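Structure at a glance
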Amino acid sequence: MIPEQLKKTLEARVAHAFSAREAAVDVMKDLQFHYGWLTDEAVGEAAEILGLSRLQVEELATFYEMIYRRPVGNKMIHICDSISCWNAGYEKILDHLKARLGVEVGGTTADGQFTLVPCCCMGRCGDGPLISIGSTIYDNLTPELVDQALELERLSGSAAPEHQGQA
Amino acid sequence: MPKLIIDNLPVEVAPGTTVLEAARSVGITIPHFCYHPALALASACRLCAVKMLDGPVKGIQMSCSLPAQDGMVVSTTDPEALKMRALVIEWLMINHPHDCPVCDEGGECLLQDFTIAGGHSRRRYQGDKRTHRNQYLGEHIYHEMNRCIQCYRCVRFYQDYAGGTDFGVTGSAGRVYFGRFEDGPLESPFSGNLVDICPTGVFTDKTGRFRARYWDYQFAPSVCQHCSVGCNLAPQVFQREVIKIVGRRNDQVNSWFICDRARFDKKGINDPSRPRAPRVDGEATDYEAALDALAARIYDFVEVHGPESLAFVGSSRLSLEGCLMLGELVANFDAASLSFYGDPAEAKGSQLATELLSGENVAAPADLASADCIVLLSVDLMNEGPMLAPFIRKAWLGGTKVYRIADPALLSGQQLPFDCIEAATLAEVPLEQASRAIVVCHATRTPREELSDVAATGARLAMLQPGPNGFGAALVAREHGARPFDELLAARKVRGIVAFESDLPVANLKGITVLGCADWQATELSQKAGVFLPTTTWMESTGTSINFEGRAQRFERAFRPGYPLKGLDAKYYAQSRYGEPAPGQPKTPPPQPPRIPRGEIPGGQEIEAWKAMARLLEKLGGELIVEPLTGSWQPLRDIDPEAGGERIFSLFKSSEPDTL
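Residues numbered from 1 in each chain as written. Chains lettered and ligands numbered in written order. Predicted model: local features only at pLDDT ≥ 70, side-chain atom pairs only at ≥ 80, totals over all residues. Heavy atoms only, no water.

1. Observations regarding the domain arrangement of chain A
- Looking at chain A, the domain boundaries give domain 1 (4-63) and domain 2 (75-155).
- Centre-to-centre, using C-alpha coordinates, domain 1 of chain A lies 28 Å away from domain 2 of chain A. (Domains from an automatic or database assignment.)

Structure, rendered in structure tokens:
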């Protein structure tokens with residue numbers, strides 16, 4: 001169940017959209033912020049708010065890599081595995097991250113702090129290899145810089161940073 | 001009109017035609033998976049590559065999405081194009097399981113055909129295949145996602161064409177999955193078309209799995225007899241059992257598709273309790289003896305009670321040939337009555353449609369797609385003419401407003417795949433402002449005055465009939481002065497009836513002798529009849545039926561009737577080796593064909609209803625009629641069952657339709 005206030009906000013967002021589908025990503029992100037990840041219940045609620053079927057919400061939710069349909073840690077680490085970062089040697093960074101966090105790709109650290117997933121491109125191919133942690137992008141990475149970034153993010157707490165892009 | 005050259009053949013096509021369609025028009029098939037003439041373009045499979053040798057674009061191009069233009073020189077056989085297609089096939093086959101021997105699609109699989117055609121016979125990829133979990137999609141369709149080649153045909157059909165919302169595509173890139181949110185039966189009444197439209201075996205017909213291969217089937221062009229739309233289909237028959245039913249193209253009537261009732265409702269035809277033997281007073285006998293007995297009883301009855309107390313009863317299930325022969329039978333007696341319907345509203349409405357409709361004011365199903373205003377007038381669309389819905393949806397997607405004047409008695413609860421504006425009366429609908437308006441209504445429920453209002457606005461009519469051949473029956477009823485049976489009852493004249501494929505309720509027949517009944521179903525009437533004559537279903541008959549828009553369509557016999565060679569599918573009978581009969585199933589299996597050499601098919605005495613009538617007429621002293629389509633009906637003999645049918649209005653030029 002989502003709070004009445006959130007529901008009203010989302011309904012207002014949909015009412016202002018040209019079509020319900022246009023507002024779908026916003027609705028899913030807000031629900032994800034509320035639940036921590038986009039639960040089955042949240043898919044049902046999004047469907048109701050958007051006037052779509054649950055399957056139609058699922059179609060959109062599973063398309064976007066920053067909508068999570070499984071439980072995730074407090075902060076998401078996206079590591080670009082696309083061609084430019086591959087050229088720049090992202091594999092070394094990935095191996096380092098896996099070792100530091102003690103997880104495989106797709107896994108969440110034991111303390112629930114980080115979830116490591118690959119992503120396809122962040123649009124900054126000249127600065128590879130790069131990762132994003134929460135809403136911050138770290139570029140031109142070396143294993144040392146990765147350690148610093150992780151330390152920084154650990155210190156900055158767990159303020160539900162998956163809520164990227166929201167004010 | 002763009003002129004281009006394809007494989008050295010000059011082709012001229014309408015503007016907007018794609019290169020793939022242009023090639024098709026001259027008989028060149030360019031391999032394709034995602035392209036389907038009824039669906040929007042996806043350009044997903046990359047298989048239709050051709051080499052453009054000269055013209056505005058050059059090099060390898062996807063022919064399905066490239067509009068034909070002047071000066072194009074296309075080669076479908078260029079080595080570069082062949083190589084490209086071979087590589088596409090190879091990569092589509094990377095994840096495809098090598099399970100053709102146990103796949104029900106094997107033999108009728110586009111992927112199989114084009115893999116062979118593309119020359120891909122040796123596997124180079126040695127990695128793991130991606131696999132998926134299948135979903136339970138209900139009792140009609142089996143899901144096998146591993147076979148998927150991501151052509152997107154299913155989702156384009158299900159969501160875009162048919163308006164379903166519970167099936168779609170999830171994930172992205174290498175994780176694309178076609179299914180539902182969770183396990184459960186597909187909700188769309190058109191879901192069965194996934195079986196036809198999937199180029200490989202992701203969706204197979206669960207009701208006919210593992211029974212036979214494509215080359216085993218007997219086929220014939222047939223016409224659905226569930227409602228008055230008259231969709232074209234083809235039964236796939238193996239050893240006298242209807243295994244599957246597939247859609248057949250008719251651009252004017254059903255495009256490429258059929259509804260789930262047409263596809264999966266085979267029960268009546270495969271029913272083990274289907275009456276196979278003629279009976280006299282409950283005793284099985286042969287056809288000749290039964291006809292003799294019936295003729296003698298009719299003769300005696302007429303001697304005692306006079307011909308005015310005799311009625312011949314047909315129905316809109318009868319083929320046109322049957323209706324016409326019934327007319328001949330009645331004409332053999334001076335004062336006997338003819339009836340096709342019990343309910344006067346059905347009889348009158350059906351007849352009104354034949355009087356009012358002409359080639360100008362009638363709308364074919366496909367016309368709905370280009371209508372600019374559509375009214376659903378007291379019609380239960382998803383029950384009475386479901387295949388009209390996708391055409392209406394197409395118009396609605398293009399911006400056409402659809403109005404519904406609901407009849408509270410008719411709320412079927414089924415969702416329409418388009419939005420309607422509710423209106424209370426026809427006067428609320430701005431029909432005058434439209435130039436291509438169509439009113440969808442039902443003959444039984446639309447009063448004459450309302451129809452005059454419609455006609456005054458210039459709107460066309462799609463007037464559904466109470467039965468599959470309702471239009472044909474009504475034409476014959478008009479010719480022979482048929483009356484609704486309830487009226488005959490009220491007049492208290494009729495004391496005996498002979499029924500042919502009639503659904504008259506038995507409760508109304510107190511004090512009336514059912515002398516004879518001919519049917520392929522075990523109706524209540526057939527239990528009550530003194531003489532019973534088994535007839536063939538439409539799949540075992542050759543005949544003509546006329547759909548609601550006056551389109552005469554020929555269906556051809558797909559197989560000779562009789563007991564299936566190996567007994568019926570286990571689910572139809574009970575005494576299996578594996579345990580107790582399923583609840584509601586008969587205790588004993590249907591008789592197995594005897595293993596002795598004989599000339600005729602066991603249980604195969606059924607004949608077409610009109611032939612039974614013709615033989616009865618001969619025994620009653622009439623002339624033997626071998627061709628019921630005579631006089632003004634004669635041109636219908638030459639209808640090509642695969643040419644889309646013909647409107648019958650031109651046959652009756654002498655008797656102009658009534659003006660409103």
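After that view, the rundown keeps rolling.
2. Section: the packing of aromatic side chains
All names here are of chain B.
- For the structure shown, the criterion picks out 13 aromatic pairs over all chains.
- Ring pairs connect the aromatic residues Phe157, Tyr161 and Phe257, which therefore count as one cluster.
- Its guanidinium or amino end placed over the ring of Tyr142, Arg209 lies 3.7 Å from that ring's centre, counting from NZ or CZ. (Phe/Tyr/Trp six-rings, centres within 6.5 Å; stacked < 30°, edge-to-face > 60°. Lys NZ or Arg CZ within 6 Å of the ring centre and 35° of its normal.)

3. Structural notes on a nonpolar patch on the surface
- A contiguous nonpolar patch, built from B:Tyr214, B:Trp215 and B:Phe219 and spanning about 350 Å² of accessible area, is present on the exposed surface.
- With respect to the helices and strands, the residue B:Phe219 is situated in the loop between β9 (203-205) and β10 (222-223). (Patch = residues over 30% accessible without salt bridge, like charges linked within 9 Å, V, L, I, M, F, W, Y side chains within 5 Å. Areas by Shrake-Rupley, 256 points an atom, 1.4 Å probe, with all protein chains shown as cover. Salt bridge = Lys/Arg side-chain N within 4 Å of Asp/Glu carboxyl O. Helix = DSSP H or I, 4+ residues; strand = E, 2+ residues; numbered from the N terminus.)

4. Quick word on the UniProt feature "domain: 4Fe-4S Mo/W bis-MGD-type" (unreviewed entry) in chain B
- UniProt annotation of "domain: 4Fe-4S Mo/W bis-MGD-type" (unreviewed entry) refers to residues 217-273 of chain B when read in the numbering used here.
- With 16% helix and 28% strand, residues 217-273 of chain B has end C-alpha atoms that lie 23 Å from one another. (UniProt positions renumbered as here; feature names shortened; annotations may be inferred.)

5. Remarks on the packing of helix α4 (residues 153-161) of chain B against helix α12 (residues 388-397) of chain B
Residue and element names in this part refer to chain B.
- One way to put it is that α4 packs onto α12 with a least axis distance of 10 Å and a crossing angle of 75°. The angle between the axes of α4 and α12 places the two elements in the roughly perpendicular class. In this structure, α4 uses Gln159, Asp160 and Tyr161 to contact α12, whose residues at the interface are Pro390, Phe391, Arg393 and Leu397.
- By residue class, the composition of the contact of α4 with α12 is four nonpolar, one polar and two charged. (Axes fitted to C-alpha atoms, helices over the stretch in contact; angles between N-to-C directions. Parallel < 35°, antiparallel > 145°, perpendicular 65-115°, else oblique. Contact = heavy atoms within 4.5 Å. Nonpolar A, V, L, I, M, F, W, Y, C, P; charged D, E, K, R; others polar.)

6. Quick look at the sheet that holds strand β14 (residues 283-284) of chain B
Residues and elements named next belong to chain B.
- Strands sit in the order β14-β13-β24-β23-β22-β15-β16 across an open sheet of seven strands; the sheet is mixed. A single partner strand is all that each edge strand has here, and the edge strands are β14 and β16 (337-339).
- The pairing of strand β13 (residues 279-280) with β14 spans two bridges and is classified as antiparallel. Bridge assignment links Val280 to a residue of β14, and that residue is Glu283.
- Sitting on the sheet, helix α8 (residues 287-305) is in contact with β13, β15 (310-313), β22 (496-500), β23 (513-519) and β24 (531-534), with an inclination near 135° to β24. (Pairing = 2+ DSSP bridges.)

7. Quick look at helix α4 (residues 54-63) of chain A
- Counting buried residues along α4(A), eight of its 10 residues qualify, which places the element largely inside the surrounding structure.
- Every buried residue belonging to α4(A) is among A:Leu55, A:Gln56, A:Val57, A:Glu58, A:Glu59, A:Leu60, A:Ala61 and A:Thr62, and all of these are buried.
- In the core, the buried residues of α4(A) are packed alongside α2 (24-35) and α3 (40-50) of chain A together with α4, β7 (168-170) and β8 (177-179) of chain B. (Buried < 20%, exposed > 50% of the residue type's maximum accessible area, 1.4 Å probe, protein only.)

8. Here's the deal with the side chain of B:Ser75
All names here are of chain B.
- On the secondary structure map, Ser75 appears in strand β5 (residues 73-75).
- By relative accessible area, which is 7% here, Ser75 ends up buried.
- Side-chain polar atoms of Ser75 contact the backbone nitrogen of Thr77, separated by 3.2 Å.
- Polar contacts involving the side chain of Ser75 include one to the main-chain amide nitrogen of Asp78, which spans 2.9 Å. (Polar contact = N/O pair within 3.5 Å; in protein donor to acceptor, adjacent residues only side chain to side chain.)

9. Considering the side chain of B:Arg317
All names here are of chain B.
- Along the chain, the position of Arg317 falls in the loop between β15 and α9 (320-331).
- Judged by relative accessible area, which is 17%, Arg317 ranks as buried.
- Of note is the side chain of Arg317, whose polar atom sits 3.4 Å from the backbone oxygen of Glu501.
- A polar side-chain atom of Arg317 sits 3.5 Å from a polar atom in the side chain of Gln521.
- Excluding its chain neighbours within four sequence positions, the residues that come into contact with Arg317 are Gln225, Pro468, Glu501, Ser502, Asp503, Asp519, Trp520, Gln521 and Thr523.

10. What to know about the UniProt feature "domain: 4Fe-4S His(Cys)3-ligated-type" (unreviewed entry) in chain B
- Here the UniProt-annotated "domain: 4Fe-4S His(Cys)3-ligated-type" (unreviewed entry) positions come out as residues 80-119 of chain B.
- When the span residues 80-119 of chain B is considered, its composition is 52% helix and 0% strand, and the gap between its end C-alpha atoms is 14 Å.

11. Notes on the nonpolar core
All names here are of chain B.
- Residues Ile298, Leu310, Phe312, Phe340, Phe500, Trp633 and Ile648 are the most contacted members of the largest nonpolar core, which totals 82 residues.
- Sort the elements by how many residues they give to this core and α8 lands first, with nine residues.
- Once residues lying within four places of it in the same chain are set aside, the contact partners of Ile298 are Leu310, Phe333, Val498, Leu515, Leu616 and Leu620.
- Residues Val202, Ile245, Ile258 and Phe548 belong to the second largest nonpolar core, which totals 71 residues. (Core = buried A, V, L, I, M, F, W, Y, C linked by side-chain atoms within 4.5 Å.)

12. Re the confidence of the model for chain B
- Summarising the model, chain B shows a mean pLDDT of 91, and 94% of its residues fall at 70 or more.
- Here residues 573-579 of chain B scores under 50 on pLDDT; set against residues more than four positions off or in separate chains, the count is 13 contacts. (pLDDT = per-residue confidence, 0-100.)

13. Focus: the sheet that holds strand β4 (residues 59-62) of chain B
Residue and element names in this part refer to chain B.
- A sheet is described by the order of its strands in space; here five strands give the open sequence β2-β1-β5-β3-β4, paired in mixed fashion. Looking at strand neighbours, the two that pair on one side only are β2 (9-12) and β4, the edges of this open sheet. Neighbour-to-neighbour, the strand axes of the sheet open up by a mean angle of 35°, direction not taken into account.
- Here strand β1 (residues 3-6) runs beside β5; their pairing, made up of two bridges, is parallel. The partner of Ile6 across the bridge, within β5, is Val74.
- Contacts from helix α2 (residues 79-92) reach β3 (49-54), β4 and β5 within the one sheet, and its direction differs from that of β3 by about 160°.

14. Examining the interface of chain B and chain A
- At the junction of the two partners, chain B supplies 15 residues and chain A supplies 12 residues.
- Where chain B abuts chain A, roughly 960 Å² becomes buried across the two surfaces, and 55% of that area is made up of carbon and sulfur atoms.
- For chain B, the biggest contributors to the area lost against chain A are B:Thr165, B:Thr170 and B:Phe181; these three give 55% of the whole.
- Across the chain B-chain A interface, the total number found is one salt bridge.
- One salt bridge connects B:Glu182 with A:Arg54, and the closest N-O pair in it is separated by 2.6 Å.
- Counting across the chain B and chain A interface gives five residue pairs in polar contact (both at pLDDT 80 or more).
- Only α4 and β7 of chain B provide two or more residues apiece to the side of chain B that touches chain A.
- Here the element with the most residues in the side of chain B that touches chain A is β7(B); it accounts for three residues.
- Residues of the side of chain B that touches chain A, tallied by class, amount to four nonpolar, seven polar and four charged. (Buried area = accessible area lost by both parts, 1.4 Å probe.)

15. Details of the UniProt feature "binding site: [2Fe-2S] cluster" (unreviewed entry) in chain A
All names here are of chain A.
- When the UniProt feature table is mapped onto this chain numbering, "binding site: [2Fe-2S] cluster" (unreviewed entry) sits at Cys80, Cys85, Cys121 and Cys125. A compact arrangement is adopted by the annotated residues: their sequence extent is 46 residues, whereas the largest C-alpha distance between any two is 9.5 Å.
- Mapped onto the secondary structure, Cys80 falls in strand β1 (residues 75-80).
- Relative accessible area serves as the criterion here: at 3%, Cys80 is assigned to the buried category.
- Summarising the element assignment, Cys125 is placed in the loop between β2 (114-119) and β3 (131-133).
- Owing to a relative accessible area of 42%, Cys125 belongs among the partly exposed residues under this scheme.

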